[in-house]
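# Per-entry structural report
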Amino acid sequence: MSTTTPEALVSRLWWLNLLRGVLAIALGLVAILWPGVTVQAFFTVFGVFSLIDGLVALGTGIFFRGTSWGWILFEGIAGILLGLLAIARPQTLAAVIVIFLAMWALVVGLFQVAVAIQLRSTGQRSWLWVLISGAITALLGLYFLVNPDTGAAFLAVTVGVFMLAAGAVMVFGAVQLRRNRDELLQLLS
């Protein structure tokens, strides 16, 4: 069994954090610049995972019949079908997910509008902000319900912005780790 010195550990940590940050920034840029490709790639990878997971579940259900083997067979078949759909039509699956999110936003927004009306009738001052929030949420849900492809691209861009921010933080942390190597070595020893 080999032991790693603190110096070697710090050297590896700084490079790994820098690499993670650069990859996150690259993925973030791809998601922002080409959201359609990002959505398609994500759901294709998900499809491959779901297909493999479904095959494993199906095999488990067939070979290990027990108390819940019927549910495991069902899970396997559903996973295989979902995986095939995601591989063959990733944009369709993305649109279906966006439609569910859009319906959720529409319902939440309409409930907020109803709450705002109730708050106004009781004399609460915050009713206008709740009304504005509810109206924006409902309109956004309605818009994405009518335009699910735009909603999928919007989600990809949102993830891209997050990846850029996370990548920048990781790169900054790696540079700080490299600069403050001696301080970190003192903490580790």
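For clarity, every value in this text was computed on a predicted model and none was experimentally measured.

## Some points on the overall build of the protein
Along its length, the protein carries seven helices and zero strands. Listed N to C, the secondary structure of the protein is α-α-α-α-α-α-α in terms of helices and strands. Counting every atom, the protein has about 12,700 Å² of accessible surface; 74% of that belongs to carbon and sulfur.

## Brief notes about the environment of L177
Position of L177 relative to the elements: it lies in helix α6 (residues 148-179). Classification of L177 as buried rests on a relative accessible area of 15%. A sequence separation of 159 residues divides L177 from L18, and the C-alpha atoms of the two residues are 9.7 Å apart.

## Some remarks on the packing of helix α2 (residues 35-63) against helix α4 (residues 90-121)
One can describe the packing of α2 onto α4 by two numbers: an axis separation of 8 Å at closest approach and a directional angle of 95 degrees. One finds that α2 runs roughly perpendicular with respect to α4. Residues G36, V39, Q40, F43, T44 and F46 of α2 lie in contact with α4, whose contacting residues are P90, Q91, L93, A94 and I97. Of the residues belonging to the contact of α2 with α4, the class tally is seven nonpolar, four polar and no charged.

## Some points on the confidence of the model for the protein
Summing up the model confidence of the protein, the mean pLDDT is 86 and the portion of residues at 70 or higher is 88%. Within the protein, the element-level pLDDT minimum falls on helix α7 (residues 181-188), averaging 63, and the maximum on helix α5 (residues 127-146), averaging 94.

## A closer look at the environment of G61
Structurally, G61 is set in helix α2. Between the C-alpha atoms of G61 and E75, which are 14 residues apart in sequence, the distance is 9.0 Å. The residues touching G61, leaving out its near neighbours within four places in the chain, are W69, I72 and L73.

About the criteria used
- Residues numbered from 1 in each chain as written.
- Predicted model: local features only at pLDDT ≥ 70, side-chain atom pairs only at ≥ 80, totals over all residues.
- Heavy atoms only, no water.
- Helix = DSSP H or I, 4+ residues; strand = E, 2+ residues; numbered from the N terminus.
- Areas by Shrake-Rupley, 256 points an atom, 1.4 Å probe, with all protein chains shown as cover.
- Buried < 20%, exposed > 50% of the residue type's maximum accessible area, 1.4 Å probe, protein only.
- Axes fitted to C-alpha atoms, helices over the stretch in contact; angles between N-to-C directions.
- Parallel < 35°, antiparallel > 145°, perpendicular 65-115°, else oblique.
- Contact = heavy atoms within 4.5 Å.
- Nonpolar A, V, L, I, M, F, W, Y, C, P; charged D, E, K, R; others polar.
- pLDDT = per-residue confidence, 0-100.

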